[in-house]
Amino acid sequence: MDYFVKKSEKWSIEPEETLLDRQSAERLEYAQMETPVKRRNFALLLAVIALVGGIFAARTVYLQAQRADLYATLAKSNRTRSYPLLAARGIIYDRHMTPLVENVPSFDVVAVPADLPKEKLVREQMVAELAGFFGIPADELLAQFARLSLADINPVLVRENVERELALQLETKIGTLPGIELKKNAVRRYPLGEPLAHVVGYVGRVSEDDLQSAPALFSPIDYVGKAGVEISYDRRVRGNNGEIEREVDAVSEVRKETQVREDATGYSAVLTIDAGLEEKMFDVLSRTIRETPSATGGAAV
């Protein structure tokens, strides 16, 4: 079968052209209205189509057969998210089993950036409402949220040690604040205060350096030892966090929540010091230093 293309520059065929005989048509300037297409051009076109089709077919086979497991894992990670369940720290005692620290129930407000409203205006209105709960300027909280990456699924601390009354009020509104969660936590209280501060030390939020050096050991909202016994025995006292796995839909709404690992409270530590004796020595040294103008410090053995 032969194929032809129209040679004339005109877009339509005049009625009289259809009535021309061969001899009359040859005398017209645009007479040869069609010219045959070379078979080589058709062969080249078919080859290009076959090549492109082959590339797409090969890529499809590669993705479905060779990379199926990888993409299945990625798809699962997109719809399931893991969150830490913070473990309570162990208690530190003196030689007579007198507690030197206490775990006091507390509440933290955290944000999951990936679950925040995607529309900037809606997100800013929600943050302004949240700032009203805390009694702080909206600009301050907006600046904090502006630094978040909306692709991050890890919880980010917004406010810590929220008062119980405020936490209860916020809990009634939490359903209207997508991406905002109220976490129950325990903070350290040191009942003996200053006399044993140099021994017991204190805890604080995990630092960026800690997260980068050992991301598997810490969550972004963990407490870790910063000084004294709290840091020396941090690995044992800190315990192991639990894990909650949530299945979310396309709009980040939770469809299912499962506790996949229970939290394990940290080990307690018993020291050889006598808390009562430490307090007595502290009082004596403090009084002596106050009564001695030239003294800049003191020690007891």
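Preceding this paragraph is the structure being described.
Residues numbered from 1 in each chain as written. Predicted model: local features only at pLDDT ≥ 70, side-chain atom pairs only at ≥ 80, totals over all residues. Heavy atoms only, no water.

K.L.:
Outline the pattern of salt bridges, supporting the account with residue identities and numerical values.
P.N.:
By the definition in use, this model includes 10 salt bridges. One salt bridge in this structure joins E160 and R205, with 2.9 Å as the shortest N-O distance. Of the two residues, E160 sits in the loop between β6 (156-159) and α6 (164-173) while R205 sits in strand β8 (residues 202-205), which places them 45 residues apart along the sequence. Looking at E160, the relative accessible area reads 36%, which means it is partly exposed. (Salt bridge = Lys/Arg side-chain N within 4 Å of Asp/Glu carboxyl O. Helix = DSSP H or I, 4+ residues; strand = E, 2+ residues; numbered from the N terminus. Buried < 20%, exposed > 50% of the residue type's maximum accessible area, 1.4 Å probe, protein only.)

K.L.:
For the nonpolar core, give the residues involved together with the corresponding values.
P.N.:
Core analysis: the biggest nonpolar cluster contains 18 residues, and V109, L130, F134, L141, F145, V158 and I180 have the highest contact counts within it. Those elements giving two or more residues to this core turn out to be β5 (102-111), α4 (120-134), α5 (138-146) and α6. Of all the elements, α4 adds the most residues to this core, at five residues. Dropping the residues within four chain positions of it, I180 is found in contact with V109, V110, A111, L116, M126, L130, F145 and I174. Judged by nonpolar contacts, the second largest core, of 14 residues, contains Y93, V101, V200 and V229. (Core = buried A, V, L, I, M, F, W, Y, C linked by side-chain atoms within 4.5 Å. Contact = heavy atoms within 4.5 Å.)

K.L.:
Hey, could you go over the packing of α4 against α5 for me, with residue numbers and the actual values?
P.N.:
Closest axis-to-axis distance for the α4/α5 pair is 8 Å, and the angle between their directions is 125 degrees. Comparing their axes, α5 and α4 come out oblique. Pair α4 / α5 crosses with right-handed handedness. For the pair α4 and α5, the contacting residues are E124, V127, A128, L130, A131 and F134 in the first and A138, L141, L142 and F145 in the second. Here the contact of α4 with α5 is composed, by residue class, of nine nonpolar, no polar and one charged. (Axes fitted to C-alpha atoms, helices over the stretch in contact; angles between N-to-C directions. Parallel < 35°, antiparallel > 145°, perpendicular 65-115°, else oblique. Left-handed = near helix turned anticlockwise from the far one by under 90°. Nonpolar A, V, L, I, M, F, W, Y, C, P; charged D, E, K, R; others polar.)

K.L.:
Describe helix α11 (residues 275-291), listing the residues and the values that go with them.
P.N.:
Taking 1.5 Å of rise per residue, 17 residues should cover 24 Å, and α11 covers 25 Å from first to last C-alpha, within 8% of that figure. Of the residues that open α11, the one with a side-chain oxygen 3.0 Å from the backbone nitrogen of G276 is D274. (Expected span 1.5 Å × (residues − 1). Polar contact = N/O pair within 3.5 Å; in protein donor to acceptor, adjacent residues only side chain to side chain.)

K.L.:
Describe α5, listing the residues and the values that go with them.
P.N.:
Here α5 has its buried residues at L141, Q144 and F145. The buried residues of α5 occupy an angular sector of 95 degrees when the element is viewed end-on, so they sit on one face. Among the exposed residues of α5, those oriented more than 90 degrees off its buried face are D139 and A146. Buried-residue contacts for α5 involve β5, α4, β6 and β7 (180-189). (Arc of directions from axis to C-beta.)

As far as function goes, none of this settles anything; it's purely spatial.
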